[in-house]
Amino acid sequence: MTQSGQEPPDSGRGIPDESGNSGASSELRTTGRRRRKRRSGSGAKGSPVTQNGVAAASFEGKGQNPTLAVSGSISTSHDNQARPSTDGEDSASTQKRRRKRRRGRAKSQTEQASGTHQQQHALNPHSSSQPQPGAEGVTSPKGKKAARRRGRKRWQARNNQGVEQQAVSGNRASNVTSQNVSGPTEESLKPQSRQRSEAKSDNWATSATGEFQKPKRPQGYRPKAPHGQNSSPLYAALDLGTNNCRLLIARPEERGFRVVDAYSRIVRLGEGVDSQKRLSDAAMDRAIEALANCHRKLSDRGVARSRLIATEACRAAENGSEFIDRVKTETGLALEVVNRETEARLAVAGCASLVDHEADGVILFDIGGGSSEIVWLDLRNRCGARGYALTRFIRSWISLPVGVVNLAERHGGVHVTPDIFEAMVEDAADHLAAFNLANNLTEAIASGRVHMLGTSGTVTTLAGVHLGLKRYDRRRVDGTWLDDSDVSRMIDELRDMPYEARMENPCIGADRADLVLAGCAILEAIRRRWTCPRLRVADRGLREGILTELMAADGVWARRRSRSRFDRGRQGNRA
């Protein structure tokens, strides 16, 4: 008979195998696997458990004592009573052992990788002394970043948990003091960051939908400029010409100024002035509408200083003063009608920065709608002067009473044949023959160190067509150099272009298609009188000159230079 709880011999547990060895060794291996499973929390299904945690076995092999067999009828509950332990302790110890094994594996891999790297460095001393991030056992920067991110999350979780525990303990203390049986409130369990955000939102207005809204700013509120941002006053310049109405708003900087806002519209104020000597009602209405838009921009921007000028159309028209009064009444803008000398000086001030530093002279011209100004700058003794200071070197100037509007009205600008174009050139040349810039200008041009500088819609159109722009781009046009041969080729190309093609050209457009050839005729007359090898294009003019003069009169750049010297001196004293 077998003892109580011992398995029968026919179960095959103690029967020797074919080699004559008993199954005790395989039984021991099975017992080890069961022990590892039980440590990880999952035991063998249906396997009997003893008090020592070893499955019951019948040692019936050779030399084994059968009395060592233990009863297998002892249940798992009995085992728990004999060895009291909890699942939390088992899981904690299991996780600790796993972390220890993981650290050991990582350490061994790091040592192996460092040893391999030392061998490679011994074979190749010129190689890098640092292991590569992708090597085994070496953490890459991306992995370090992820580890730091996980650490921050754990730190935030611990802080939030500490805040909640403090809130709960505080509520418990208050409950004991007041003998209140109610638990902690929901507000006390919120993190401090959420409490601060909700406290801030209490000052906001609540809409009908229940959403928070920011409080309304008081009337007349103007936000302050951020720290480090320029808060200099704004300047504005308005040029109401024979053809265009232009506005420019800028802010002074350490060198020059930065444009904040701009406006330009073709109004053709001088339409019919050459024949009727008066401004038409339709032209004045178009100009007043554009000026009203300019007034709104000036008010919205809060401009500190401005100068608003009117040129040839208001000078030549008999009702020019009446128009100025009407503008003052309807728009609130006070226009100033400037003379031709002032107009020439402002053109130089606006384009002076584009003068070649090594030039001995410059022929500057401004082809306008009702007049054209030509200025001779004699720079042979400028002694390094540049910029606005070049206005002191104006040797002579002339103002022709011919522009693109009145010249196109006399000869026609829609369908222009070569004969009509030549007639326009001769008309401009006749006005030009009555004036003489200087006696020694021809000698200066012969030296080869004199160039032309053009500021008008005519030369900017030529530059845009020359560059092949699909859309007019001021940044590419302003400052472009054109050879004399390029200018001749562009004039011939525009002269042979039909009116419809000029309208479709993106650099001309429908508003200027009937005026561009008149401007080319005036330019051709100037080139025939004074031939220069190069022409520089300026997409700037009177407005830039006005801004330059206003800022220079206020001493904006002088104050900035003195302030920078004072700051440098203070820094030197501190050092």
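Here the structure is a predicted model, which is why all the values come from computation and not from measurement.

### Some thoughts on the overall build of the protein chain
Each helix and strand in the protein chain was counted, giving 20 helices and 13 strands. Burial analysis of the protein chain (575 residues in total) assigns 38% to the buried set. Long-range contacts, defined here as pairs at least 24 residues apart, represent 68% of the contacts in the protein chain between residues at least 6 apart. In the form shown here, the protein chain has an accessible surface area of approximately 34,900 Å², with 47% of it arising from carbon and sulfur atoms.

### Topic: the sheet that holds strand β11 (residues 450–454)
On the basis of which strands lie adjacent, the open sheet formed by six strands has the order β10-β9-β8-β11-β13-β12 and mixed pairing. Two strands close off the open sheet at either side, each with one partner strand: β10 (394–400) and β12 (481–483). Averaged over all neighbouring strand pairs, the angle between strand axes comes to 20°, with direction disregarded. Bridge count between strand β8 (residues 361–367) and strand β9 (residues 372–378): seven bridges; the pairing is antiparallel. The residue bridging phenylalanine 365 from the neighbouring strand is isoleucine 374, located in β9.

### Topic: the sheet that holds strand β7 (residues 336–337)
If you walk across this open sheet you meet the five strands as β5-β4-β3-β6-β7, and the pairing is mixed. Where the open sheet ends on each side, the last strands, each with one partner, are β5 (257–266) and β7. Here strand β3 (residues 235–240) runs beside strand β6 (residues 305–310); their pairing, made up of six bridges, is parallel. Residue pairing across strands places alanine 237 opposite arginine 307, the latter belonging to β6. Relative to the sheet, helix α7 (residues 281–301) contacts β3, β4 (244–252) and β5, its axis offset from that of β5 by approximately 160°. Helix α19 (residues 542–553) rests against β3, β4, β5 and β6 of the sheet, and its axis sits at about 145° to β3.

### Side note on empty space enclosed by the protein
Under the criterion given, the structure shown has two cavities of 30 Å³ or more. The volume enclosed by the largest cavity comes to roughly 60 Å³. Forming the walls of the largest cavity are Met452, Leu482, Asp483, Asp484, Val487, Arg527, Trp530, Thr531, Cys532, Pro533, Arg534 and Leu535. Elements supplying a minimum of two residues to the lining of the largest cavity: β12, α16 (484–495) and β13 (534–537).

### Brief notes about the packing of α16 against helix α18 (residues 516–529)
Relative to each other, α16 and α18 sit at 145°, their axes nearing to 10 Å. The element α16 and its partner α18 pack so that their crossing is left-handed. For the pair α16 and α18, contact is made by Asp484, Val487, Ser488, Ile491, Leu494 and Arg495 and by Val516, Leu517, Cys520, Leu523, Glu524 and Arg527, respectively. Taken together, the residues of the contact of α16 with α18 sort by class into seven nonpolar, one polar and four charged.

### Looking at helix α11 (residues 404–411)
Turning to α11, its buried residues number three or more, namely Val404, Val405, Asn406, Leu407 and Ala408. Tucked inside the fold, the buried residues of α11 contact α6 (273–276), β8, α12 (418–433), α14 (457–467) and α18. The positive-phi residue at the C-terminal boundary of α11 is glycine 412, with phi of around 90°.

### Observations concerning the packing of aromatic side chains
Considering all chains together, one arrives at zero aromatic pairs under this definition. In this arrangement the basic side chain of arginine 534 is found over the ring face of tryptophan 481, its NZ or CZ atom lying 4.0 Å from the centre.

### A word on the confidence of the model for the protein chain
Considering every residue of the protein chain, the mean pLDDT works out to 75; 63% of them sit at 70 or more. This stretch, residues 1–24, has a pLDDT under 50; its non-local contacts, to residues over four places away or in other chains, come to 17 contacts. In the model, residues 42–86 has pLDDT below 50 throughout and makes 38 contacts with residues more than four positions away in sequence or in other chains.

### A look at the pattern of salt bridges
A complete count under the given rule lists 32 salt bridges for this structure. In this structure, arginine 307 engages glutamate 336 in a salt bridge whose closest nitrogen and oxygen atoms are separated by 3.1 Å. Placement of arginine 307 in strand β6 and of glutamate 336 in strand β7 is noted, with a sequence separation of 29 residues between them. Classification of arginine 307 by relative accessible area gives buried; the value is 18%. A relative accessible area of 33% means that glutamate 336 is categorised as partly exposed. One connected set of salt bridges, linked through shared partners, spans Glu422, Asp484, Glu524, Arg527 and Arg528.

### Topic: the packing of α11 against α12
It is the contact of α11 with α12, at a shortest axis distance of 11 Å, that shows an interaxial angle of 130°. Relative to α12, the element α11 lies oblique. The handedness of the crossing between α11 and α12 is right-handed. Residue-level inspection shows Leu407, Arg410 and His411 of α11 in contact with α12, the latter providing Ile420, Ala423, Met424, Asp427 and His431. Looking at the contact of α11 with α12 residue by residue, the classes come out as four nonpolar, two polar and two charged.

### Digging into the environment of arginine 278
In this structure, arginine 278 sits in the loop between α6 and α7. On the basis of relative accessible area, arginine 278 is assigned to the partly exposed category, the value being 38%. Measuring from C-alpha to C-alpha, the distance between arginine 278 and alanine 313 comes to 8.9 Å, with 35 residues separating the pair along the chain. Aside from chain neighbours lying at most four places away, what touches arginine 278 is Gly272, Val273, Ala317, Glu318, Asn319 and Glu322.

### Remarks on the environment of valine 362
Topologically, valine 362 is positioned in strand β8. Beyond its immediate sequence surroundings of up to four residues, valine 362 is in contact with Val355, Val375, Trp376, Leu377, Leu379, Val450, His451 and Leu453.

### Side note on α12
The end-to-end C-alpha separation of α12 is 22 Å, in line with the 22 Å expected for 16 residues at 1.5 Å each. Turning to α12, its buried residues number three or more, namely Phe421, Met424, Val425, Asp427, Ala428 and Leu432. Looking straight down α12, one finds that the buried residues subtend no more than 155° of arc, so they occupy a single side. With respect to the buried face of α12, the exposed residues turned more than 90 degrees away are Asp419, Asp430 and Ala433. Summarising the contacts, the buried residues of α12 are in contact with β9, β10, α11, α16 and α18.

Reading the values: the criteria
Residues numbered from 1 in each chain as written. Predicted model: local features only at pLDDT ≥ 70, side-chain atom pairs only at ≥ 80, totals over all residues. Heavy atoms only, no water. Helix = DSSP H or I, 4+ residues; strand = E, 2+ residues; numbered from the N terminus. Buried < 20%, exposed > 50% of the residue type's maximum accessible area, 1.4 Å probe, protein only. Contact = heavy atoms within 4.5 Å. Areas by Shrake-Rupley, 256 points an atom, 1.4 Å probe, with all protein chains shown as cover. Pairing = 2+ DSSP bridges. Axes fitted to C-alpha atoms, helices over the stretch in contact; angles between N-to-C directions. 1 Å grid on protein atoms, 1.4 Å probe; cavity = no way out; pocket = protein on both sides within 12 Å on 5 of 7 lines; lining within 4 Å. Points joined across faces, edges and corners; volume = space filled by probe spheres on them. Left-handed = near helix turned anticlockwise from the far one by under 90°. Nonpolar A, V, L, I, M, F, W, Y, C, P; charged D, E, K, R; others polar. Phe/Tyr/Trp six-rings, centres within 6.5 Å; stacked < 30°, edge-to-face > 60°. Lys NZ or Arg CZ within 6 Å of the ring centre and 35° of its normal. pLDDT = per-residue confidence, 0-100. Salt bridge = Lys/Arg side-chain N within 4 Å of Asp/Glu carboxyl O. Parallel < 35°, antiparallel > 145°, perpendicular 65-115°, else oblique. Expected span 1.5 Å × (residues − 1). Arc of directions from axis to C-beta.

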